[in-house]
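Structure at a glance
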Amino acid sequence: EDQVTQSPEALRLQEGESSSLNCSYTVSGLRGLFWYRQDPGKGPEFLFTLYSAGEEKEKERLKATLTKKESFLHITAPKPEDSATYLCAVQQNSGGYQKVTFGTGTKLQVIP
Amino acid sequence: NAGVTQTPKFQVLKTGQSMTLQCAQDMNHEYMSWYRQDPGMGLRLIHYSVGAGITDQGEVPNGYNVSRSTTEDFPLRLLSAAPSQTSVYFCASSYDRTGGEQYFGPGTRLTVT
């Protein structure tokens, strides 16, 4: 069964304390892996797309990396405004459409 | 450029009632989709469309209908609301016809009593 598992479920960091969020997946025929940020009461906001193992993308304090089985979202020196839920999604070739499976997210809280 | 808009923001229905959730995008995206988000579960795809006149089912289509008469609009219809349809509904669009990088609307919080 195709699965996307994110860990930890919740993470509390002090401002400036770097850490990583994990997204592990068991899908066949990976086409792409996506990271989104979701603030309370809002829709997910696109952050990154990764297509192949070894690929890295960066945006401000965030860096996403991809291996054959998992992706990491590294947060360097986080600020309180980085507090949000981070969602991972994988896209695979599946029959007539490109199936996208979302994980349940990691809720990040950054304390001043 | 408003992006993806959804109305209403909140809705309460009684069991058996029907309603339409509206979604519109002004980015000229061919791909549009509807998801539901429930506590402890990832976003789940209800229906999607790869262009005007073309729609298909996603992972959880039962109880919902869609149509796509224009590139801009993609309404979601609940035929006979049930408590199990209580959820937050998100519409999304993508320039990628395979539904890769998606841009989401603000969501509609629906409660069915």
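This text goes with the structure placed above it.
Worth saying up front: this structure is predicted, and the values here are computed from it rather than measured.

With that settled, consider unusual backbone geometry. Following A:Ser7, the chain continues to A:Pro8 via a peptide bond in cis, the omega torsion being -10 degrees. Residue placement: A:Pro8 occurs in the loop between β1 (3-7) and β2 (10-14). The omega torsion of the bond from B:Thr7 to B:Pro8 falls at -5 degrees, within 30 degrees of zero and hence cis. Look at A:Glu60: it is not a glycine, yet its phi comes out positive at around 55 degrees. Along the chain, A:Glu60 falls in the loop between β6 (56-59) and β7 (62-66). A relative accessible area of 69% means that A:Glu60 is categorised as exposed. Look at B:Asn28: it is not a glycine, yet its phi comes out positive at around 60 degrees. Turning to its location among the elements, B:Asn28 is positioned in the loop between β3 (19-25) and β4 (31-37).

Take the nonpolar core next. A:Leu33, A:Trp35, A:Leu73 and A:Tyr86 are the most contacted members of the largest nonpolar core, which totals 23 residues. Sorting the residues of this core by element identifies β2, β3 (19-26), β4 (30-38), β5 (45-50), β7, β8 (70-75), β9 (84-94) and β11 (106-111) of chain A as the ones contributing at least two each. With four residues, β9(A) is the largest single contributor of residues to this core. By size, the runner-up hydrophobic cluster in this structure holds 19 residues, among which are B:Tyr64, B:Phe74, B:Tyr89 and B:Val112.

Remark on secondary structure: sheet strands pair via backbone hydrogen bonds, oriented parallel or antiparallel. Residues and elements named next belong to chain A. Read from one edge of the open sheet, five strands run β1-β3-β8-β7-β6, paired in antiparallel fashion. Only two strands of the sheet have a single partner each, and these edge strands are β1 and β6. Neighbouring strand axes in the sheet, compared pairwise and without regard to direction, differ in orientation by 15 degrees on average. Looking at chain direction, β1 and β3 are connected through five bridges and run antiparallel. Among the inter-strand pairings, Gln6 is bridged to a residue of β3, identified as Cys23.

Conventions and cut-offs
Residues numbered from 1 in each chain as written. Chains lettered and ligands numbered in written order. Predicted model: local features only at pLDDT ≥ 70, side-chain atom pairs only at ≥ 80, totals over all residues. Heavy atoms only, no water. Helix = DSSP H or I, 4+ residues; strand = E, 2+ residues; numbered from the N terminus. Buried < 20%, exposed > 50% of the residue type's maximum accessible area, 1.4 Å probe, protein only. Core = buried A, V, L, I, M, F, W, Y, C linked by side-chain atoms within 4.5 Å. Pairing = 2+ DSSP bridges. Axes fitted to C-alpha atoms, helices over the stretch in contact; angles between N-to-C directions.

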